[in-house]
Each structure stands twice: as structure tokens, then as C-alpha cells.
Amino acid sequence: MSPADIPALPRGVRLHWDRVRETWVLLAPERTVTLDAVAHAILSELDGIRSFGEITAALAAKYNAPQEQIAADSAGFLSAMHDRRFLDLR
Amino acid sequence: MTARPPIAMLAELTHRCPLACPYCSNPVDLARQENELSTAEWSDVFRQAADLGVLQLHLSGGEPATRRDLEELVQAARDAGLYTNLITSGIGLTERRLKALDDAGLDHIQLSLQGTTPEMADEIGGYKGGYKRKLMVAEWIAAIGFPLTLNAVLHRRNLHQLPRALEMAVEMGARRIEVATVQFHGWALKNRDALMPTRTQAEEATRIVTEARARLKGTLVIDYVPADYHSDYPKRCMGGWGSTGLNVAPDGVVLPCHAAQSIPHLSFDNAREKPLSDIWYEGRAFNAYRGTDWMPEPCASCERKEVDFGGCRCQAMALAGDAAATDPVCVKSPHHIDLQARAEAHAAAEGAPLVYRSAPGKPVPEPAE
């Protein structure tokens, strides 16, 4: 995951508010992933336009946290999503 | 025990199908068209499912495209807030219908593969021209941009085609492939002599899948159902009985799994007569093998009891004659050694003809003695 990569959720993978369990989930083919607050915050920023670097900068400003820390934490999560074909990278 | 809400529902919209696969997962006693739930009844079931906590809806059959109201049903499912997956052979879908399904909000398609050549696929499916048609449907699916999973069903006759099936998935632009060795229930039980893989084939399939998972990481996700008669531990059937999913049959009968009607002492509620929530939480069939309290030994004291929940109840019924027994696939089952010997014998049988699935309301063929 490099700062210039543009991550996006592909068609068929979407965020969903699970009103019965009262949690955010990611719905994908044959898979449902329960999202914690951090994962939901990261995925909510993906718009297919901004790069990974821009997104981590935005999250750093929003949560008043070091960008390097946010980049390190979210790169692993997003790479695992990519390996499972839940995330496209351009 | 307290059940949690279900995550997934399989809606068998119809048992009608142009194909006649000899391992069809439908029950041997097929529901007739005149007993199928109407558009309005299915739509109500979808809303109840969403209220109950279901997130993923699988529209299956039979062939779901046989239902002329499929587009309306997809729309109703999406309106209910469900992630909507179509499980199809492709037969009955046209480019126009696929565009209408796209407009209705269909999330994902699973396309079945009976073989990687027209000769194999059409013989297994019992439908001439089916393979060619399926490839055309795959092109339309890719052009529209639907996310695609290829469902390859494998057995002794076609396991050698697994490498080509993996290539085809990549060529079709599929994100996933399900490599499923035939599970021997219902129709497939009649075809064990024709379809049982050899132990060597089963091991080779595992090796091919392991290699392909590493090579295709980030390109193709591979879900793998190994040949369980040759395994030492049973599959975690349905993620545990009555724990994560439910099936609704074409006539509205609500089942803990698609083969549950093979357990003769269970009786099942119908969504036409009772709310889905009552059936899930209170239904006797759902509570029969829910959790671990029902388990006899060797399951009750086994450290794997919440790993595989004793395996498959329908398989225990079919092979041990007792739905509460340990799945005979398990090394701890007293039937395990016998099962492995039977698997070897089925795999070594020569010249067994395929017993094809029949149509709803038609007589059931029996294998030759």
C-alpha cells in the first residue's frame, strides 16, 4: 500500500448498517465482516478519487492523531481486504 | 439455549430446472410449480428475514431464472435491505433479463460450472448446448459488470478439469471460485458409484487448490469444499445447526439446511402459516440440534465440538441411521473405518451410469442394482 494508491470498494462490496445487531458491517459476496469504529472510519473515507496518502492525512486531521500511525494501522487492514478481493487499488 | 439471529437465507425459489445434474442438492421429493410461493409471499418472507437479522440472501433453485418474476423478487429483496446473490446455471438468462436484474439492484452472481468442455458439462448437466449458452451468459455478466463467482462442482468424472476451471474463472473476470467436491445427499447419494472421487484425486485437488491460492492471491479467491468421505474431521455444516442460516423451500417450508427433510422424525414449519421469527427461535426442527446440548459421546466431551458441531446431521442420518450420531466422517465415529472402506469401494466402481435428477412431479429413477 503506497501513499499514491487509490483504494476503492468494488461493485458488490458495500457498507451496511445492521439495524438488528446495531453495528456497521461490510457486505461482500458470501461474506459479512463486522466493522469496528476504526475500520468503519477508514472505509467511509474511500471515494475512488483520493489516494491512500490523502485519506490518512484527512483521518489524522479529523482524529488529531499522527498520520504515520494511521497509515501503518490502516495499510495492513486494507491490504488484507485487497487480498480477499474486497478492495480495488488503482 | 438462546439462538442468535441468522445472517444468511437461501431462498429456493423453485425446484424446476432445465438441467438434471446427478448431484442436485434439491430433495428427491421435489416441490411442484403450483405449490410455489407467489411473488407477494416471497417478498413478505424477504422483509421478515431482514427484520430477523438476515443480511445475505441467496436466490437459488432449481434454476431461479425459471421464475418469470425473478426481476421483481430481486427488487423486493433489495427494497428489504438484503445483499442479494443469484445462484444460477445461466440457462434462462438473456442479456435483456440480466440488464433488468442490474436495474433491480442484484449485488452478485454465482454461475455454476458442470465441466470445462462442452462434452463434460452437457453430459453432467443432462442439457445439450448448456455449456455454450453458459459462456455467453458469462460474457454478458462481465459486460454489465456484475461481480462473479464461478461455482465448480467436482467429482470423479471431472476432477481432472480443476486446473482449467481455475483458468476459466480468471478469464471470465471472476473474483471468486468455489471449488466444491460433491456432497453426498439426496440425488448424489444415488450416484456414489459414478461420482465418488478416489483418495488420490481428493489429495491432488487439495494440492492444486493450495498452489493456486498462493499464485492467484489478490486476483482470485478460492473457497474449497474438500471430499469429506476421505477426510478425518467432518465439515462445520451450516456453521452449526440453526446458528447462522436458514433455507426456505419453494413451497414455503423453512429448513435448517437444504437436506434437512431427509431426517424423517423432524417436522417443519411453513412461512405461509407462521412468522419466520417464531420458526427460527421456537421451531422444533431448528432447536433439535442447535448448540451442543443434544450431543452424545464422543461429541459431548470432544474439544472440537464447537469447531465442527459434530458435522452434518443429514450425513449422520444417511450413513449411521441416526441424525444425532457423530458424523461418520469423523475419526472418532465408530462408523469411520467402514465409511472410508465404502468410499474406496464407491470410488473403484466401474461403469456406473449417471442417475439424473428428474423434474418435479415425475417419478424418481433408481440406480441399477
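Residues numbered from 1 in each chain as written. Chains lettered and ligands numbered in written order. Predicted model: local features only at pLDDT ≥ 70, side-chain atom pairs only at ≥ 80, totals over all residues.

Caption draft 1: Up close: the overall build of chain B. Scanning chain B from terminus to terminus reveals 14 helices and 9 strands. The C-alpha radius of gyration of chain B comes to 20 Å, within 12% of the 21 Å expected for a compact globule of 369 residues. Along the first, second and third principal axes, the C-alpha set of chain B runs to 55 × 45 × 45 Å. Taking all 369 residues of chain B together, the buried fraction comes to 50%. In chain B, the share of contacts with a sequence separation of at least 24, taken over all contacts with a separation of at least 6, comes to 73%. (Helix = DSSP H or I, 4+ residues; strand = E, 2+ residues; numbered from the N terminus. Rg over C-alpha atoms; globule rule 2.2 N^0.38 Å. Buried ≥ 20, exposed ≤ 12 C-beta atoms within 10 Å, placed from the backbone. Contact = placed C-beta atoms within 7 Å.)

Caption draft 2: Highlighting the nonpolar core. Ranked by size, the top nonpolar core spans 117 residues in total, and within it Met-9, Leu-57 and Ile-177 of chain B carry the most contacts. If we skip the residues at most four places from it in the chain, Ile-177 of chain B touches Thr-149, Leu-150, Ala-152, Ala-165, Leu-166, Ala-169, Leu-220 and Ile-222 of chain B. (Core = buried A, V, L, I, M, F, W, Y, C linked by C-beta atoms within 7 Å.)

Caption draft 3: Local environment of the pairing of strand E3 (residues 23-28) of chain A. Residues and elements named next belong to chain A. Inspection of the sheet shows strand E2 (residues 14-18) paired to E3 by 5 bridges, in the antiparallel sense. By the bridge assignment for E3, His-16 is matched with Val-25. Looking at chain direction, E3 and strand E4 (residues 31-34) are connected through 4 bridges and run antiparallel. When the bridges of E4 are listed, Ala-28 appears paired with Arg-31. Where E3 hands over to E4, the hairpin turn is made up of 2 residues, of which Glu-30 adopts a positive phi near 60°. (Pairing = 2+ DSSP bridges.)

Caption draft 4: Focus on the sheet that holds strand E8 (residues 245-248) of chain B. All names here are of chain B. Strands sit in the order E7-E6-E5-E4-E3-E2-E1-E8-E9 across an open sheet of 9 strands; the sheet is mixed. Lying at the two open borders of the sheet, with one neighbouring strand each, are strand E7 (221-225) and strand E9 (254-255). Against the sheet, helix H5 (residues 130-144) contacts strand E4 (108-113) and strand E5 (148-154), and its axis sits at roughly 160° relative to E4. (Axes fitted to C-alpha atoms, helices over the stretch in contact; angles between N-to-C directions.)

Caption draft 5: The arrangement of the sheet that holds E3 of chain A in detail. All names here are of chain A. Read across the open sheet, the 3 strands follow the order E2-E3-E4; overall the sheet is antiparallel. What marks the edges here is a single partner per strand, and that holds for E2 and E4. Here the average twist between neighbouring strands, direction ignored, is 35°.

Caption draft 6: Highlighting unusual backbone geometry. A cis geometry characterises the amide bond from Gly-61 of chain B onward to Gly-62 of chain B, with omega recorded as 10°. Within the secondary structure, Gly-62 of chain B is located in the loop between strand E2 (56-60) and helix H2 (70-79). With an omega dihedral of 5°, the bond running from Glu-297 of chain B to Pro-298 of chain B counts as a cis peptide bond. Look at Glu-22 of chain A: it is not a glycine, yet its phi comes out positive at around 55°. By secondary structure assignment, the location of Glu-22 of chain A is in the loop between E2 and E3. For Glu-30 of chain A, which is not glycine, the phi torsion reads 60° and is therefore positive. Mapping Glu-30 of chain A onto the fold places it in the loop between E3 and E4.

Caption draft 7: Focus on the confidence of the model for chain B. Looking at chain B, pLDDT values average 95 and 99% of them are 70 or higher. The ipTM, which scores confidence in the relative placement of chains, is 0.94 for this predicted complex, and the corresponding pTM is 0.95. (pLDDT = per-residue confidence, 0-100.)

Caption draft 8: Looking closely at the packing of helix H2 (residues 52-63) of chain A against helix H3 (residues 67-83) of chain A. All names here are of chain A. In contact at an axis separation of 9 Å, H2 and H3 are set at 125° when each is read in the N-to-C sense. By the angle between their axes, H2 is oblique relative to H3. Remark: the crossing between H2 and H3 carries right-handed chirality. Judged by residue contacts, Thr-56, Ala-57, Leu-59 and Ala-60 of H2 engage Gln-67, Ile-70, Ala-71 and Ser-74 from H3. (Parallel < 35°, antiparallel > 145°, perpendicular 65-115°, else oblique. Left-handed = near helix turned anticlockwise from the far one by under 90°.)

Caption draft 9: Looking closely at the packing of helix H3 (residues 95-104) of chain B against H5 of chain B. Residue and element names in this part refer to chain B. The geometry of H3 relative to H5 is characterised by a closest axis approach of 10 Å and an angle of 35° between their N-to-C directions. Regarding H3 and H5, the two cross each other, and that crossing is right-handed. On H5, the residues that touch Glu-95, Leu-98, Lys-99 and Asp-102 of H3 are Trp-140, Ile-141 and Ile-144. Looking at the contact of H3 with H5 residue by residue, the class counts come to 4 nonpolar, no polar and 3 charged. (Nonpolar A, V, L, I, M, F, W, Y, C, P; charged D, E, K, R; others polar.)

Caption draft 10: Representation of helix H1 (residues 39-52) of chain B within the structure. All names here are of chain B. Counted at 1.5 Å a residue, the expected span for H1 with its 14 residues is 20 Å, and the 20 Å between its end C-alpha atoms agrees. Taken together, the buried positions of H1 are Trp-42, Val-45, Phe-46 and Ala-49. When H1 is viewed along its axis, its buried side chains cluster within an angular range of 100° and face the same direction. As for H1, its buried residues are in contact with strand E1 (8-12), E2, H2, E8 and helix H10 (276-282). Phi for Gly-53, located one or two positions after H1, is positive at around 120°. (Expected span 1.5 Å × (residues − 1). Arc of directions from axis to C-beta.)

Caption draft 11: Focus on the environment of Met-172 of chain B. Residue and element names in this part refer to chain B. Within the secondary structure, Met-172 sits in the loop between helix H6 (162-171) and strand E6 (176-181). Separated by 33 residues in sequence, Met-172 and Glu-139 place their C-alpha atoms 7.3 Å apart. Ignoring sequence-local partners within four residues, the contact set of Met-172 consists of Ala-138, Ala-142, Leu-148 and Leu-150.

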